[in-house]
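# Remarks on the overall topology
Spelled out from the first residue to the last, the chains are:
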Amino acid sequence: MRNIVALGTAALLFLAGSTSSSTPRATVASGAAAYKYRLRTVVLDAGHGGKDRGCAGVKAREADVALKIILELGRQIEETMPEVKVVYTRKTDVFVELADRAGIANKNNADLFISVHCNASAPAAIGTEVWTMGPHKTDANLSVAKRENAVILQEENYQERYNGFDPTSPQSHILFSLFQSAHMVNSLRFAQKVDRQFRTTVGRPSRGVKQAGFLVLWKSTMPSVLIEAGFLTNRQEEQYLNDKAGQSYMASGIYRAFRDYKNELEATTSE
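Residues numbered from 1 in each chain as written. Predicted model: local features only at pLDDT ≥ 70, side-chain atom pairs only at ≥ 80, totals over all residues. Heavy atoms only, no water.

### Here's the deal with helix α2 (residues 62–80)
- Its 19 residues give α2 an end-to-end C-alpha distance of 27 Å, which sits within 8% of 27 Å, the value for a rise of 1.5 Å per residue.
- All of the buried residues in α2 are E62, A63, V65, A66, L67, I69, I70, E72, L73, G74, Q76 and I77. (Helix = DSSP H or I, 4+ residues; strand = E, 2+ residues; numbered from the N terminus. Expected span 1.5 Å × (residues − 1). Buried < 20%, exposed > 50% of the residue type's maximum accessible area, 1.4 Å probe, protein only.)

Okay, here's the thing in structure tokens:
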């Protein structure tokens, strides 16, 4: 916990001395021609997997549904955007530690990190959620972050790897959430596009764009979002998400948001 307090203090000092910017990660050398940004690499992350099955409905498991949506999303990007490199944190039913997921994105110098999950709550709960790294504003937001972060309890030496972070402690999450990404503006920009696609083109009920402290987004050094595709504890949504057509629709919504986000960023940095 001492390490978390120190990190929280450092985050506050960083945020106090910095300014927000929607500029992409690349910079322009002094006197050089206007930089033409190109989104070259996206990392797709299917939540959970292997010994970590995630939440469950009557038939569907989160790890399986998330993987199918991610694989379909990757297929759509690869087929229509050959200039974009698609990297997967997993393509099979294997366990990948949270820190390693961000590590894969950082190692590949990704321009965007997309993590897909499924939600769990009371049977009546319904709708998509799109999350970015940031301070949680309600107990409900904290509850979602705590559930997704609890996977680290299955990892060895998690307290050392995550600087003393305790996924069961509200205090840890409060301090941890101070680590707002330097790429918050573009994370929110992409999240809003995903939410808009879900609500309009895909026709899904939406619970909006939200913020909380997710470990899987913490160490990523690029814009990143975590998508809750729906509630497996809601029988109607479970049937939709466990169906190949439903998975394809969800992937298509994310793909269209990705396409629009890419085109918008590249247009704003062209000559």
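### Comments concerning the packing of helix α7 (residues 184–199) against helix α10 (residues 244–268)
- Two elements in contact, α7 and α10, have axes whose closest approach is 8 Å; the angle formed by their N-to-C orientations is 140°. What the angle tells us is that α7 and α10 run oblique. In this structure, α7 meets α10 at a crossing whose hand is right-handed. On α10, the residues touching N186, R189, F190, K193, V194, Q197 and F198 of α7 are M250, G253, I254, R256, A257, F258, D260, Y261, E264 and L265.
- Residues that form the contact of α7 with α10 fall into these classes: 9 nonpolar, 3 polar and 5 charged. (Axes fitted to C-alpha atoms, helices over the stretch in contact; angles between N-to-C directions. Parallel < 35°, antiparallel > 145°, perpendicular 65-115°, else oblique. Left-handed = near helix turned anticlockwise from the far one by under 90°. Contact = heavy atoms within 4.5 Å. Nonpolar A, V, L, I, M, F, W, Y, C, P; charged D, E, K, R; others polar.)

### Let's talk about the pairing of strand β3 (residues 112–119)
- β3 sits mainly inside the fold: 8 of its 8 residues count as buried.
- Neither face of β3 is open: one carries L112, I114, V116 and C118, the other F113, S115, H117 and N119, and all of them are buried.
- Summarising the sheet, β3 and strand β6 (residues 224–231) pair through 6 bridges and their orientation is parallel. Counted as the bridge partner of F113 is S224 from β6. (Pairing = 2+ DSSP bridges.)

### Quick notes on the pattern of salt bridges
- All chains considered together, the criterion is met by 15 salt bridges.
- A salt bridge links D45 to R101, with the nearest nitrogen and oxygen atoms 2.5 Å apart. Taken together, the residues span a long stretch of sequence, with D45 in strand β1 (residues 41–46) and R101 in helix α3 (residues 98–107) at a distance of 56 residues.
- For R101, a relative accessible area of 2% gives the class buried.
- A salt bridge links E237 to R204; its shortest N-O distance comes to 2.3 Å. Within this pair, whereas E237 is found in helix α9 (residues 235–241), its partner R204 is found in the loop between α7 and β5 (206–212), the two being separated by 33 residues in sequence.
- A single salt-bridge network, built from bridges that share partners, covers R53, D64 and D93. (Salt bridge = Lys/Arg side-chain N within 4 Å of Asp/Glu carboxyl O.)

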